[in-house]
Structure formats: C-alpha cells, structure tokens
Amino acid sequence: KPINACSLCGQCSVLCPNGYDMAEICHMARQNMVFTGKMPLAPHEFALMDMVFSNDEAFLCRKQPGFEQCKYVFFPGCQATAIAPATVKAAYLDLCNRLEGGVALMLGCCGAICDWAGRYEMYEDTIKFLDEKLEGLGNPTIIAGCPTCKKQLSRHETLGIWEVLERIGLPEKARRMERGIAIHDACGARGDHETQESIRRIAESLGCQVQETEYEGDKSPCCGYGGLTQFTNREVAKKMTDKCLERSDLPYLSYCMACRDRFAREGRESMHLLELVYGTSADHCPDISQKRFNRLSLRNELLKEIWKEEVDEVELDFTIDYTPEAIAMMDDRMILKTDVIRVLQNLKETGEAIFDGDSGLCVTRARLGNVTFWVKYTETETGFMVHRAYSHRMNVQTR
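Residues numbered from 1 in each chain as written. Predicted model: local features only at pLDDT ≥ 70, side-chain atom pairs only at ≥ 80, totals over all residues. Heavy atoms only, no water.

## Considerations on the packing of helix α6 (residues 85–98) against helix α10 (residues 161–168)
Axis separation between α6 and α10 bottoms out at 12 Å; the angle between their running directions is 45°. For the element pair α6 / α10, the angle class is oblique. Between α6 and α10 lies a crossing whose hand is left-handed. Contacts between α6 and α10 involve Ala-91, Asp-94, Leu-95 and Arg-98 from the former and Ile-161, Val-164, Leu-165 and Ile-168 from the latter. Of the residues in the contact of α6 with α10, the class split is 6 nonpolar, no polar and 2 charged. (Axes fitted to C-alpha atoms, helices over the stretch in contact; angles between N-to-C directions. Helix = DSSP H or I, 4+ residues; strand = E, 2+ residues; numbered from the N terminus. Parallel < 35°, antiparallel > 145°, perpendicular 65-115°, else oblique. Left-handed = near helix turned anticlockwise from the far one by under 90°. Contact = heavy atoms within 4.5 Å. Nonpolar A, V, L, I, M, F, W, Y, C, P; charged D, E, K, R; others polar.)

Next comes the structure, spelled out in structure tokens:
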C-alpha cells in the first residue's frame, strides 16, 4: 500500500536538497512487483480497465474531412473527454478552422495509467498501438491537451495546445475572468518552464489576476490523481488534495482536467484554462459512469456530425432507475452503471434472485471478469429500481 500511495509526481526530487527521487524508486518497485507476481491487480484494475475502455470502445482516430494527410493531430487526453466533452469539441473545431494543413483527431489514453501501475508489458502494447495509429495518420505533429499526455507522447513531435493558442491567438468567444485566481501547475509540467509560463501569459490575457502561491511551478504538489493514488489509497489522495488547496483561498485555475475535477470535488471553485478559452463548462463532478458516458457520447457525436458516420446504439428492453444512495455507493465503490446493466441482463436471462424479507429488496448477482457484482433492487412497471450495489472478488458456485 505505501508503494502504491506515491503519486509519482516528482515533487520530492525538486524540494529535496540532494535531489532524492522517491517517485523513481516507487515506480521501479511497482514494475518489479508486477514482474515477480507480487503486485495484485486489484488496486489498479478499475483504472486499467478504464484505460482499455478509452482505447477501445471510446477510441477515435480520424483525419480532418477533406484531407488525405494532416499536419497536426489533436490529442485531448482521456480525462478531458470524460470531464469536459463540450470543451474538447470546441477546441477541435477551432483548431480545424484556424490551422492550415489539416488537423486529425485522436480520442484515447496516452498510456500514463498502465505506466503508473507498473504494468510495463501493457504500457509497451499501448505505445505500439498509439504509434501505429499515428503512423496511419502520417505521423503528424501532436497537439496535446494535457501536460501528462504531452510528456508521455514526447517520443513524437509534440506541442501543448496552449503553445498553439499563443501562436494563433485566442478565439473571439474566449471568456474573460477579471478576478484573482491561483494557478495550480500540473505534475506533468514539472520541469517544463515553457508550459508553465505560457499558461500564465494566457491567463493574464484573459484578465485573470494571477496570485502566485508558496508551492508553484516545479514545486507544485500533486492533486491526488497522479500515480493512481486516488484508486489505491483514498486517504492519502484526499490529504494531497487538501494540501494543494491550503495554498490559497482563491478560485483555482488548472491546465489538467484531473486536477480541475479533484479540486471541484472538495468544493473549491475550479476551472480549466480551456473552459475560459472556449467559453464552455465542464461537467460538475461527474461520477465514474458519467465519465465513461461522456467519452462514448463525444465519440459518437463527432462521428455523426463531422464524419457523417452512423453509430449503432444499443437500447435496453427495460428501464433502470437508481436511488441517490445507490449512485453515491456505486461511485464510491467504483461500480459502473454498465456493470449493473449486465447484472440485470443476466437476471432477465436466468431469473436467479433472492428476496430479502427484512429489507423488501431482491438481490441478484453476476460474475464479470474477476469480480462478482451484487445488485439489490425492486421491480417497477417498466424495469428495475436499484437501491444498493456492491462487489467481491469471489466466485459463487452452484450445485
């Protein structure tokens, strides 16, 4: 658990007078534990499967219509598509309209997730997958929407979207924010002074009154998302977020969607730079199911509107509603609505359930992958009302 609690952010190497890099040690330890079979899959499994979803069902790779070859490809990153799909769409359309040479689009994950988890074989496969897709586009210059993506994809010619915006200017619909703000520098930009300075210049051009904090730039702490800490050690991740927010009482401006989301969940006014640039708003604290829905919906919407491709959408023959308690429980326990749907589809096929006389709820279950999911529900006129959901890494055998 301590090995997995490190956010791999590298702040220690900057603050330590001797340059001691605990992140490198913890990263190597994870890789070693994976290699020797001593790192269980459970701590990182949800994040890894979420990455697989981003690079499979929600993946999109297309050239700008009308171009045989594109000079650029926009790679917004998996957290941007999950949290702020409208912002991603606005950014891509703007780049297509104002950059010459064509701008392709690639929606997916850069591989940081499996890299942080120490799953080196999965990371190598991800690199190979992305490189093949980029080669198919003609190896265009990558415009990254996330500093971590920019860092992970640096084996190619890569720019941050903030660099491009400084070059071509901000769009007319950019939203001014003439207030004091605190900038949170993302871990992915540690050591990247050009990015840090570019962000501040754009913020000031939007009227923001930037007030620097004690730990800024290369000294900036992690928000709690990096290194998958929020999946493996929530208590430590929350302390990281709280420490970030102790630096200032002002609204926080970030240029990483994961950071923006972490701060918003703690009640702080939080925004991403691109929300100001494009006059859009990210979803407010979307749960894990909404994040996947956002990625898939954005992919399908863009395919229909830009590339005029029809998308098959699966419709259920029954309805599913959730109590507020069930929604909160599922988000806390990392149970997706798609997991619940598959459990209830299994119920429709098998009819297997138990009635709990004390609670008045029915209980059904299904094993999905390595986990058995349990759903407590009541029947409605058109389907089901879900009251509770939980999971165990167990296998139920019937005789």
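## Description of the side chain of Thr-213
Positionally, Thr-213 belongs in the loop between β7 (209–210) and α12 (229–232). Classification of Thr-213 as buried rests on a relative accessible area of 10%. Among the polar contacts made by the side chain of Thr-213, one reaches the main-chain carbonyl oxygen of Tyr-215 at a distance of 3.2 Å. Other than its neighbours up to four places away in sequence, Thr-213 contacts Ala-182, Arg-247 and Ser-248. (Buried < 20%, exposed > 50% of the residue type's maximum accessible area, 1.4 Å probe, protein only. Polar contact = N/O pair within 3.5 Å; in protein donor to acceptor, adjacent residues only side chain to side chain.)

## Comments concerning the packing of aromatic side chains
Scanning the entire structure with this criterion turns up 11 aromatic pairs. Their ring planes at 45° and their centres at 6.4 Å tell us that Phe-35 and Tyr-120 sit as a pair that is tilted. One end of the pair, Phe-35, is in helix α3 (residues 22–35); the other, Tyr-120, is in helix α8 (residues 120–136), with 85 residues separating them in the sequence. When the ring centre of Phe-53 is taken as origin, the NZ or CZ atom of Arg-292, which lies over that ring, is 4.8 Å away. (Phe/Tyr/Trp six-rings, centres within 6.5 Å; stacked < 30°, edge-to-face > 60°. Lys NZ or Arg CZ within 6 Å of the ring centre and 35° of its normal.)

## Brief notes about the pattern of salt bridges
Applying the stated criterion across every chain, the model contains 22 salt bridges. Notably, a salt bridge pairs Arg-176 with Glu-178, separated by 3.0 Å at the nearest N-O pair. Residue classification places Glu-178 among the exposed residues on the basis of a relative accessible area of 53%. (Salt bridge = Lys/Arg side-chain N within 4 Å of Asp/Glu carboxyl O.)

## Examining the pairing of strand β6 (residues 180–184)
Most of β6 sits inside the fold, with 5 of its 5 residues counted as buried. By the alternation rule, side chains of β6 split into Gly-180, Ala-182 and His-184 and Ile-181 and Ile-183, which are all buried. Where β6 lies against β7, 2 bridges are found, and the strand directions are parallel. Bridge pairing in β7 places Ile-181 opposite Val-210. Pairing of β6 with strand β8 (residues 252–254), which is carried by 3 bridges, proceeds in the parallel orientation. Each residue of the ladder has a partner; that of Ile-183, found in β8, is Leu-253. (Pairing = 2+ DSSP bridges.)

Purely spatial values, then, with no claim about function.
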